[in-house]
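Chain by chain, the residues:
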Amino acid sequence: MKVIEEDQEQDKKHKPAIIFEEGPIITNDINLCEHCSKSFVDSYLEKQFNQSVCDTCRTEEKYDLISKSDAKTNYLLKDVDLDNREPTLKYIVRKNPRNPKWGDMKLYLEFQVEARAMEVWGTQQELQQEHERRQENKEKMKEKKYNKKVRDLRKAVRSSMWTTTNKSHQHDYGQEVYNQHEDIYTQTCLTCPHVMSYEKM
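Residues numbered from 1 in each chain as written. Predicted model: local features only at pLDDT ≥ 70, side-chain atom pairs only at ≥ 80, totals over all residues. Heavy atoms only, no water.

**Student:** So what about the pattern of salt bridges? Which residues, and what values?
**Tutor:** Pairing is possible between side chains of opposite charge, provided their charged atoms come close. Evaluation of the coordinates by the stated rule reveals 10 salt bridges. Among the salt bridges present, the one from Glu130 reaches Arg133, with a minimum N-O distance of 2.6 Å. Of the two residues, Glu130 and Arg133 both sit in helix H6 (residues 124–167), three residues apart, roughly one turn of that helix. Here Glu130 falls in the buried class, since its relative accessible area comes to 12%. The exposure class assigned to Arg133 is partly exposed, which follows from its relative accessible area of 43%. Across the pair Glu136 and Lys140 runs a salt bridge, and its minimum N-O distance is 3.7 Å. Highlighted residues: Glu136 and Lys140, both in helix H6, separated by four residues, approximately one helical turn. Since its relative accessible area comes to 48%, Lys140 is described here as partly exposed. Salt bridges linked by common partners bring Lys68, Lys72, Asp79, Asp83 and Lys106 together as one network. (Salt bridge = Lys/Arg side-chain N within 4 Å of Asp/Glu carboxyl O. Helix = DSSP H or I, 4+ residues; strand = E, 2+ residues; numbered from the N terminus. Buried < 20%, exposed > 50% of the residue type's maximum accessible area, 1.4 Å probe, protein only.)

**Student:** An account of the environment of Asp183 is requested, with residue identities and associated values reported.
**Tutor:** Structurally, Asp183 is set in the loop between strand S6 (177–179) and strand S7 (184–188). The partly exposed category is assigned to Asp183, whose relative accessible area is 44%. Between the alpha carbons of Asp183 and Tyr198 there is a distance of 9.2 Å; along the sequence they are 15 residues apart. Beyond its immediate sequence surroundings of up to four residues, Asp183 is in contact with Tyr178 and Glu199. (Contact = heavy atoms within 4.5 Å.)

**Student:** Go over the packing of aromatic side chains, please, and point to the residues and values.
**Tutor:** With the rule as written, the count across this model stands at two aromatic pairs. Here the aromatic rings of Tyr63 and Phe111 are separated by 5.7 Å at their centres, their planes lie at 55 degrees, and the arrangement is tilted. Of this pair, Tyr63 sits in the loop between helix H2 (44–49) and strand S3 (65–67) while Phe111 sits in helix H5 (residues 110–121), and the two are 48 residues apart along the sequence. Given the relative accessible area of 3%, Tyr63 is considered buried. The residue whose ring lies beneath Arg58 is Tyr44, and the NZ or CZ to ring-centre distance is 3.9 Å. (Phe/Tyr/Trp six-rings, centres within 6.5 Å; stacked < 30°, edge-to-face > 60°. Lys NZ or Arg CZ within 6 Å of the ring centre and 35° of its normal.)

**Student:** Could you give me a rundown of H5, with the residues and numbers involved?
**Tutor:** For an α-helix the count is 3.6 residues per turn, leaving residues at separations of three or four pointing the same way. Taking 1.5 Å per residue as the helical rise, H5 with its 12 residues ought to reach 16 Å, and the 16 Å between its terminal C-alpha atoms agrees with that figure. Among the residues of H5, Gln112, Val113, Arg116, Ala117 and Trp121 are the ones counted as buried. Angularly, the buried residues of H5 cover 160 degrees about the axis, an arc narrow enough to put them on a single face. Phi turns positive one or two residues past the end of H5, at Gly122, with a value near 95 degrees. (Expected span 1.5 Å × (residues − 1). Arc of directions from axis to C-beta.)

In structure tokens, the structure reads:
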């Protein structure tokens, strides 16, 4: 027995020691919802738009989605403001509900679009003033186009009336006028601008 124990002791001395490295400490990333301040691990808005909002608060009106065309119209933004200005805004792509043939829609988080508009315009008041200025210019352009149409219509009516009248018009000349300098006589029609010039032998 003693011999066996000695052999086992010698085996232990010759065997290499096995060292186990400590594994990584796994922890869950805990986020705080910016709306309700409750913690959450994952959410749709956080994943799609990098907005720290839990799925419960996602239904709040503040976090509605907005199409690219509406974002440009409502907030007076350009393509470069949405897609190129840093940091670029994230979006999701969906089929157009009105007509799938019209192509896919880009949907942005309106909360982020509004923040981008404030970067561009400064304040809500300045954005509203720009809306009013553009609307005023739009109304002026509409009025200009309308007035031009009216003028063109009146011109066309006068031209038509003149042509129609001129076809059956008989000149009714007024008194004869002698131009001594040019040695000619003239008579002007009393019902139209026509002037007849002639010489006398």
